[in-house]
Amino acid sequence: MRLQGKRNIEQTKDTVLTRILFLLFGFSLFVILLIGRLFQWQIINADELATVAKNQRSASKTLLAERGSILTSDGFPLVSSKENWLLWASPKRIENTTQIASDLANVLVDEIEQPESTESAKPREELFKEEKERVLGILNKKDAVWVPIKRKLSRDTKQRIEALGVKGIGFDPQEDRSYPEGSMSGQLIGFVGKDEAGQNKGYFGLEGYYDLSLSGIEGKKAWEKDATGRPILLGNAREVGALDGASLQTHINRSVQFIAEKHLEEGLKRYGASQGMVVVMRPQDGAILALASLPSYEPLKFNSYDPSLYINPVVSGSYEPGSIFKIVVMASALDAGVVTPEMRCDSCSGPRKIAEYTIGTWNDQYYPDSTPGEIIQHSDNTGMIWAAEKLGIDKFYSYIQKFGFGEPTGIDLQGEADPKLRDKRDWRFIDLATTSFGQGVAITPIQMVRATSVIANGGKLPAPQVVDKIIGPDWEKDISPRFKENVISEKTAKEITEMMVQAVEQGEAKWAKPKGFKVAGKTGTAQIPIAGHYDPEKTIASFIGFAPADNPQFVMLVSLREPQSSPWGSETAAPLWFAISKDIFPYLGIKPDTGY
Amino acid sequence: MRNKSKIQEPKIKIGKVWTGLLGLLAVVIGTQLIVSSILTGTGEELAQLEGHISRLSRENRILKEELTGHSSLSKIASESTRLELAKPDQIMYLDLSQPVAALPQ
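Small disclaimer: the values here were computed from a predicted structure and weren't measured. (Residues numbered from 1 in each chain as written. Chains lettered and ligands numbered in written order. Predicted model: local features only at pLDDT ≥ 70, side-chain atom pairs only at ≥ 80, totals over all residues. Heavy atoms only, no water.)

**Student:** Could you give an account of the nonpolar core, naming the residues involved and the relevant values?
**Tutor:** Residues and elements named next belong to chain A. Formed by 82 residues in total, the largest nonpolar core has its most connected members in I288, M330, F403, F405, M448 and I488. Here this core gets 9 residues from one element, more than from any other, and that element is helix α13 (residues 381–402). Ignoring anything within four residues of it in the chain, the contact list for M448 reads I324, F325, I327, V328, F405, I443 and I544. If you look at the next biggest cluster of nonpolar residues, it comprises 35 residues, including Y271, F517, V558 and L576. (Core = buried A, V, L, I, M, F, W, Y, C linked by side-chain atoms within 4.5 Å. Buried < 20%, exposed > 50% of the residue type's maximum accessible area, 1.4 Å probe, protein only. Helix = DSSP H or I, 4+ residues; strand = E, 2+ residues; numbered from the N terminus. Contact = heavy atoms within 4.5 Å.)

**Student:** Describe the pattern of salt bridges, and please don't skip the residues or the numbers.
**Tutor:** Residue and element names in this part refer to chain A. This structure, assessed with the given rule, holds 33 salt bridges over all chains. Residue E207 is joined to R67 by a salt bridge in which the shortest nitrogen-to-oxygen separation is 2.9 Å. Placement of the pair is E207 in helix α7 (residues 205–209) and R67 in the loop between β1 (58–63) and β2 (70–71), with a sequence separation of 140 residues. Of the two residues examined, E207 and R67, each falls in the buried class. A salt bridge links K424 to D394; its shortest N-O distance comes to 3.4 Å. Placement of K424 in the loop between α13 and α14 (429–436) and of D394 in helix α13 is noted, with a sequence separation of 30 residues between them. Owing to a relative accessible area of 34%, K424 belongs among the partly exposed residues under this scheme. Among the charged side chains, a network of salt bridges with common partners joins R67, R177, E207 and D211. (Salt bridge = Lys/Arg side-chain N within 4 Å of Asp/Glu carboxyl O.)

**Student:** Describe the sheet that holds strand β21 (residues 554–561) of chain A, and please don't skip the residues or the numbers.
**Tutor:** All names here are of chain A. Taking strand neighbours across the sheet as the criterion, the 5 strands line up as β12-β11-β21-β20-β19 in an open arrangement whose pairing is antiparallel. Each having just a single partner strand, β12 (287–294) and β19 (520–530) make up the two edges of the open sheet. Neighbour-to-neighbour, the strand axes of this sheet turn through a mean angle of 15°, independent of strand direction. In the sheet, β19 pairs with strand β20 (residues 533–547) via 11 bridges, with the strands oriented antiparallel. Looking at β20, one finds that T525 is bridged to A541. Sitting on the sheet, helix α16 (residues 490–506) touches β19 and β20, and the angle it makes with β19 is about 80°. (Pairing = 2+ DSSP bridges. Axes fitted to C-alpha atoms, helices over the stretch in contact; angles between N-to-C directions.)

**Student:** Explain helix α4 (residues 124–139) of chain A residue by residue, including any values.
**Tutor:** The end-to-end C-alpha separation of α4 of chain A is 22 Å, in line with the 22 Å expected for 16 residues at 1.5 Å each. Buried residues in α4 of chain A make contact with β3 (77–89), α3 (97–108) and β4 (147–153) of chain A. (Expected span 1.5 Å × (residues − 1).)

**Student:** Lay out a nonpolar patch on the surface in plain terms, naming residues and giving numbers.
**Tutor:** A cluster of nonpolar side chains, contributed by I14, V17, W18, L21, L22, L25, I29 and L33 of chain B, occupies part of the molecular surface with about 830 Å² of accessible area. The topology assignment puts L25 of chain B in helix α1 (residues 2–70). (Patch = residues over 30% accessible without salt bridge, like charges linked within 9 Å, V, L, I, M, F, W, Y side chains within 5 Å. Areas by Shrake-Rupley, 256 points an atom, 1.4 Å probe, with all protein chains shown as cover.)

Listed below in structure tokens is the structure:
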């Protein structure tokens, strides 16, 4: 019995020991597994899990920087920034993709821009089908976490899509440009496209020239959030604020620009011209009050236009100016003292023969013993050769250089052309003769406007300037007018001005001049050189002038390429010049004078 | 007996200390919970305020866009055409040196 009891005790001991060992083994295994798991989490997957944990409690967003506006002189935006939306999807979270693609396409189809031509426009059903296929293709990318569906959506479209209540899609704000005054001044403004890195970048015009000032710098905000997504006040937070771009306040007079654009558009239709431009500049400081050229493009849809339209012909196009250049040559001859207003031309009674060339007047009429004033009034080529002969090649060349030809004007628009003057050593007498009436020399329209400003400005050469100030968030930078040396004396400027006044009062276009205003001007009809000769059918008709002649408030150039109604500047560009000036006089505070 | 009572006294003191420490811990935890709750509420309020600022800025921007759109010269010109307004054929110039306006002769 005692033995039996002892055996039972032994058995119990064994059982307890076995259990203890079992438990020990179990706990050891558990500890080993635990250590293994911790090793996996803390050593092997440490970085990945740390990132997951960080993402779970961290939130961040990019703070958009607003691109600066381009303002007219009265502070009205010619271009401003607006917010539009990028529609994106998270395909994993989207069910019933076919139905959702159909719903989205039904809204997005209204955002598709159709070509203006009705022939190439597609019916809505076809567009809807194409759009649905496109959206479906995007939504079927089930491996993708985030895919963009459509950019540049308007606020209305965003609201329409939100009303569909689709899960798994979202919107991100984006910056875009807005043109409250329409887009006719596209070549002046330029456009905003993308650079190689996909960032916004300005091209051409003001957008291109002032890209650095206009561009802002994006910011970033990061913070820690709780399980419900609310920010933790005592958590880590970091914010680098966005820096908005500076705005440009231009000299552009909104009313003058509008009038110039409106008249130019009508003028192109009326005279059947293929291209036209109007430049209005204040001669005292070179401020560009208006600059319009057609045909142009819409900066917002620049992609759908021929890239040749991006180029502004006022600053980037060079041409032979024709008779409007005569005022520069005559002013030079008067200033050099080789010609006086009283002198008479002794070689104006018939065509001039120079080497193998015979040079006549535009209408084959000749005026012997003409004074310089009459030469300008009749736009007499033989008279201009007489004045140029008096100057000689050296002085002639020196004066046209001083008037700013052969070098860029420095206007603050991207892409200014720099047509060079031929080397003086290559000039022959025939070059002197043809250049005296504006042939055989290439200039840009803005150079011609600047040269005429010398006359309107008492002999000083201003630099054309579009922007008046650069305005930052809490700073302003004035852009001061720039002047070069005096080109001609004030006396010469007055003499040539009086000749230009008479050219308007007695010239071919006197019927179009608004009554009561003293205008100094000159017409020009330049032939277009093609493959080494001049095309007799194609001309560039121009009129350049300023008003009021005694106290000029503006210099304006109107130029029409290949007008069909008449090739002459006096019958096309001049009436257009006077029509524009008549409308802008009140806006510039120019009152009529009873003497004119 | 005297020795026994001498041994029991520290036990009571240790018990009181533990009770005090636990009480303090409870107060600290409670305070933490209250502060956390307040901060969470404030965080939510901050999020709401930021959302409000963002909405107002957006609204402000939209109003600005609408305002410029309505006051553009192209809009005014098209409206004046729609209303059949005529271009003035005579402009009266005011001169500060004269007491009344005069039409050009």
